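The chain contents come next:
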Amino acid sequence: VEPDQIVTAIRKLGYDVAEGRPEVRPQAEPRGWRALAGFLLSDPRARLALAAGLAWLAGAGAGLLPGAALIARACYLLAVLSGGAYPIRAGWMALRTGRGLDMNVLMSLAVAGALAIGQWSEAAAVITLFALGEALEAFTMDRARAGIRALVALSPAEARRLEEGYERRVPADQLQPGERIRVGPGERLPADGIVLAGHSAVDHSPITGGSAPVEVGPGATVYAGSINGRGSLEVRISKRADESMLARIVALVEEAQANRAPTQRFVDRFARVYTPAVVIGAATFALLPPLLLGSSPAAWFYRALVLLVIACPCALVISTPVSIVAAIARAARLGILIKGGAHLEAAGGLHAIAFDKTGTLTRGQPQVVHVVVLDPKTEEPRHDGQLTAEGILALAAALEQPSEHPLAQALLHEARHRRLVLPPVNDFVALPGRGAQARLNGRTYRIGHRDLFADGGGLAPEVAAEAAEHERHGESVLLVGDEAGPLGLIAIADAPRPGSAEAIRALRRAGLAHTILLTGDNAITAAAVAQAVGIDEVRANLLPEDKVRAIEALVAQHGAVGMVGDGINDAPALARATVGIAMGVAGTAVALETADIALMRDDLRQVADTVGLSRAARRIIRQNLVFSLVLKATFVLLALLGLATLWMAVFADMGASLLVTLNGMRLLRYRATVQ
């Protein structure tokens, strides 16, 4: 969308477009009464609301004095003009542009009607309370968004760039990938980068939400907004400031706040029908009783105005978005990125959750624990000198060298640790879900799970028995060989994460009836991991497309099903699940793109926090909707009976709006398992 299109659209709505002003970096924000006072004095609408309140009080005081009726009316008129400056204009714009009737139209009609029948005091009360209520709502919503402004403020405005041995202070937004900077003790990092020199403890809490500093040294990744500890670091920039992980988090959270939840969309549709119905009902209420019953037109007209005010859907409309914004902002501070209100609501309605194994339930840092040379059972020399433990390991590492799979990385790590020389291979081919193959000295070698070598009628009994023995101990088994069969066996162990069992227990306490392990590993190893952490069901030996079919079957069985994975290898399953949750994805752009919810650190307990926060949000949204509707129904009945006044109606309406707003704001203080 071009800027001139935006300007044209804004002007069609009846507004002007001001010139852009330089971005002012947010400072530390005040709290409590000081924050409220600062907002009321700085926000233009809030200042007009305060002026209206003072004028209304002055009018009420003048009304008590004999002979001061004109002064009182002048004060009330000033209150109407001050408090109504924004609502009346917004209501007129809504009518003129065909956007329909909204709460501003209803309030404007009520004020005009009150003035028409000489109810100056009540007209001033209506618009003053409405304006003050709107100002307080704006303040509370501003508090919800303060968390995002705090994230933006974390990135420093300047950096110390290293140029030919000298340090030069430059704006952080001028840093380019490849440039080097110096970060002193206690300073914040201006951009994402790789540590070249120095050792320190870096606080990554703005990115991951974790409170414990992380020890970093040469080769470690650091993020913009993180706080350097006691040491001095030399860092090579890897991304521009506007492309950093922090910038992506801010952008995702802002987009999430604009992405409306299903409940919010329903309320908006309901309000579009409900509001015109209220106006028609109030008009009927004002006209028919005097015509049919011969009652006083002024009395029924006043009752219609009360109905118009109390039926205004302010609290109903604000009840959902304030809760969504507060929950998403709180989640962001905990290191949980929820990419919209729809995903927030969906997470609270999950009945089952499926987990990937490697890198999700386990540490994702498997280690080689055994290398076994197998007897090839043939007189043909197929092994090319590989039939030693180190030869088997070198061959396996060479075959897996192009792969990024955690098991492949374990092989390469062990080979480097033993300082093995890897033989050169070519014609590498990845076999998804099974392994890999490549050519060495004119012969094709393969590495993978037992199914890869079972094509010719199955494994030899002694090989199968050896593999089963390791799998019973929860070890993953890779077989290495050629087209004639396996030459060696490598057992790799990946221990469960320390918090995995606790996370599963927390999910079960939250009422999730079923947990499932979906893995490409063998059934015995998968069962050992599932038993260790408390998973209910195991589905093993799954290719990526098998995981998608498994998710589809689980959705058919349980309804809403979540999938937790690493965000890259499990992308198809994450996309198919009701809610896809990628964990430990700091720095992984692909995971941020594919998942509905991204957990910024390697802690499975954040899944339980996500479900808990979502359910708290759903609970508060329901509370707000029920409270709003019950209060509306009660005061509509009072209005019909003539027992409610205009000021009571507007006080109840705006009071309800403030109460549902404050109730939603409680989500900003949600207590998480992981702090």
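Every chain is numbered independently, its residues counted from 1 as its sequence is written. Given that this is a predicted model, residues contribute local features only at a pLDDT of at least 70 and side-chain atom pairs are listed and counted only at 80 or more, while totals for whole chains, interfaces and linings are drawn from all residues. Each side-chain value is derived from all of the structure's non-hydrogen atoms; neither hydrogens nor water enter the calculation.

Pairing between two strands requires that DSSP report at least two bridges joining them. Strands are runs of DSSP state E lasting at least 2 residues, helices are runs of H or I lasting at least 4, and numbering of each runs from the N terminus. Spatially, three strands are ordered S6-S5-S8 in an open sheet, and the strand pairing comes out antiparallel. Every other strand in the sheet has two partners, leaving strand S6 (214-216) and strand S8 (227-228) as the edge strands with one partner each. Where strand S5 (residues 200-203) meets S8, two bridges bridge the pair, whose relative direction is antiparallel. Paired with Val-202 across the bridge in S8 is Asn-228.

Of all seven residues in strand S16 (residues 476-482), seven are buried; the element is thus mostly enclosed. The rule is simple: take the accessible area with a 1.4 Å probe, protein chains only, and divide by the maximum for that residue type; under 20% is buried, over 50% is exposed, in between is partly exposed. Of the two faces of S16, the one carrying Ser-476, Leu-478, Val-480 and Asp-482 and the one carrying Val-477, Leu-479 and Gly-481 are both buried. By the bridge criterion, four bridges tie strand S15 (residues 443-448) to S16 in an arrangement that is antiparallel. Pairing of Arg-446 across the sheet is with Gly-481, part of S16. Where S16 lies against strand S17 (residues 485-493), seven bridges are found, and the strand directions are antiparallel. Bridging across to S17, Asp-482 finds its partner in Gly-485.

Along the chain, Ser-614 falls in helix H23 (residues 605-640). A relative accessible area of 1% means that Ser-614 is categorised as buried. A polar contact of 2.5 Å, which involves the side chain of Ser-614, links it to the backbone nitrogen of Gly-348. Pairing of N or O atoms within 3.5 Å defines a polar contact, subject to two protein rules: one partner must be a possible hydrogen donor and the other a possible acceptor, and residues neighboring in sequence count only if both atoms are side-chain atoms.

Its location among the elements puts Thr-634 in helix H23. Measuring from C-alpha to C-alpha, the distance between Thr-634 and Ile-310 comes to 9.6 Å, with 324 residues separating the pair along the chain.

For the rest of this paragraph, the subject is helix H3 (residues 44-63). Across its 20 residues, H3 extends 29 Å between first and last C-alpha, which sits within 8% of the 28 Å expected from 1.5 Å per residue. Every buried residue of H3 is listed here: Ala-46, Ala-49, Ala-52, Gly-53, Ala-55, Gly-59 and Ala-62. At the N-terminal end of H3, a side-chain oxygen is found 3.2 Å from the backbone nitrogen of Arg-45, two or three residues along, and the residue is Asp-43. Take the number of residues in a helix, subtract one, and multiply by 1.5 Å to get its expected span.

Quick look at the nonpolar core now. Core analysis: the biggest nonpolar cluster contains 47 residues, and Ile-353, Phe-355 and Leu-507 have the highest contact counts within it. The element best represented in this core is H23, accounting for nine residues. The next biggest cluster of nonpolar side chains, apart from the first, holds 44 residues, and it includes Ala-68, Ala-286, Leu-305 and Cys-312. As used here, the term nonpolar core means buried Ala, Val, Leu, Ile, Met, Phe, Trp, Tyr and Cys residues forming a set that is joined through side-chain atoms within 4.5 Å.

Whether two aromatic rings pair depends on their centres lying within 6.5 Å, for rings of Phe, Tyr and Trp, where Trp uses its six-membered ring; planes under 30 degrees apart make the pair stacked, over 60 edge-to-face, and the rest tilted. If you walk through the whole model with that rule in mind, you get one aromatic pair. The ring of Trp-300 is capped by Arg-303, whose NZ or CZ atom sits 4.5 Å from the centre of that ring. Placement of a positive charge over a ring is assigned whenever Lys NZ or Arg CZ falls within 6 Å of the ring centre and within 35 degrees of the normal to the ring plane.

Pairing in this open sheet of seven strands is mixed, and the strands run S10-S22-S21-S20-S11-S18-S19 from one edge to the other. Of all strands in the sheet, those bounded by a partner on one side alone are strand S10 (336-338) and strand S19 (537-539). On average, each strand axis in the sheet is inclined to that of its neighbour by 20°, with strand direction left out of account. Inter-axis angles, ranging from 0 to 180 degrees, are taken between N-to-C directions of lines fitted to C-alpha atoms, where helices are fitted over the stretch in contact.

The next subject is the pattern of salt bridges. For this document, the term salt bridge refers to a Lys or Arg side-chain nitrogen within 4 Å of an Asp or Glu carboxyl oxygen. As enumerated under the stated definition, the model contains 20 salt bridges in all. With a shortest N-O distance of 2.4 Å, Arg-549 and Asp-546 are connected by a salt bridge. Here the residue Arg-549 and the residue Asp-546 both occupy positions in helix H20 (residues 544-558), the gap between them amounting to three residues, near one helical turn. Put simply, Arg-160, Glu-167, Arg-182 and Glu-187 are held in one network by salt bridges that share partners.

With 88% of its residues at a pLDDT of 70 or more, the chain has an overall mean of 81. A residue's pLDDT is the predictor's confidence in that residue, given on a scale from 0 to 100. Element-level mean pLDDT values for the chain span from 64 in helix H22 (residues 589-594) up to 94 in strand S11 (residues 352-355). Note on contacts: a residue pair qualifies if any of its non-hydrogen atoms lie within 4.5 Å across the two residues. Counting contacts from residues 378-385, a segment whose pLDDT is below 50, to residues more than four positions away or on other chains yields 15 contacts.

This part takes up the environment of Thr-525. As for its position among the elements, Thr-525 is in helix H19 (residues 523-533). Considering only alpha carbons, one finds Thr-525 and Gly-474, 51 residues apart in sequence, at a separation of 4.3 Å. Residues in contact with Thr-525, not counting those within four places in the same chain, are Glu-471, Gly-474, Glu-475 and Ser-476. Within the local environment of Thr-525, its side chain forms a polar contact with the backbone oxygen of Glu-475, the two atoms lying 2.7 Å apart.

Tracing the backbone shows Pro-276 in helix H10 (residues 262-293). Taking the C-alpha atoms as reference points, Pro-276 and Asp-102, separated by 174 residues in sequence, lie 8.4 Å from one another. Setting aside residues up to four positions removed in sequence, Pro-276 forms contacts with Leu-101 and Ala-271.

Right, let's talk about the packing of helix H11 (residues 297-310) against helix H24 (residues 646-665) for a bit. Closest axis-to-axis distance for the H11/H24 pair is 8 Å, and the angle between their directions is 5°. One element, H11, and the other, H24, form an angle in the roughly parallel class. Seen from H11, the contacting residues are Tyr-302, Leu-305, Val-306, Val-309 and Ile-310; seen from H24, they are Leu-646, Ala-649, Val-650, Ala-652 and Asp-653. For the contact of H11 with H24, a count of residues per class yields nine nonpolar, no polar and one charged. Oblique is the label for any angle not covered by the other classes, which are roughly parallel (under 35 degrees), roughly antiparallel (over 145) and roughly perpendicular (65 to 115). Throughout this entry, Asp, Glu, Lys and Arg are counted as charged residues, while Ala, Val, Leu, Ile, Met, Phe, Trp, Tyr, Cys and Pro are counted as nonpolar. The remaining residues, Gly among them, count as polar.

A word on H20. End to end, H20 covers 21 Å across 15 residues, agreeing with the expected 21 Å (1.5 Å per residue, within 8%). Listing the buried residues of H20 in full gives Asp-546, Lys-547, Val-548, Ala-550, Ile-551 and Leu-554. The inward-facing, buried residues of H20 abut S11, strand S18 (514-518), S19, strand S20 (561-565) and helix H21 (571-576).

To continue, consider the pairing of strand S21 (residues 579-583). Extensive coverage of S21 is indicated by the burial of five of its five residues. The side-chain alternation of S21 yields two buried faces, one formed by Val-579, Ile-581 and Met-583 and the other by Gly-580 and Ala-582. The pairing of S20 with S21 spans four bridges and is classified as parallel. Looking across to S21, one finds that Met-563 is bridged to Gly-580. Where S21 lies against strand S22 (residues 597-599), three bridges are found, and the strand directions are parallel. In the sheet register, Ala-582 faces S22, and the bridge partner there is Ala-598.

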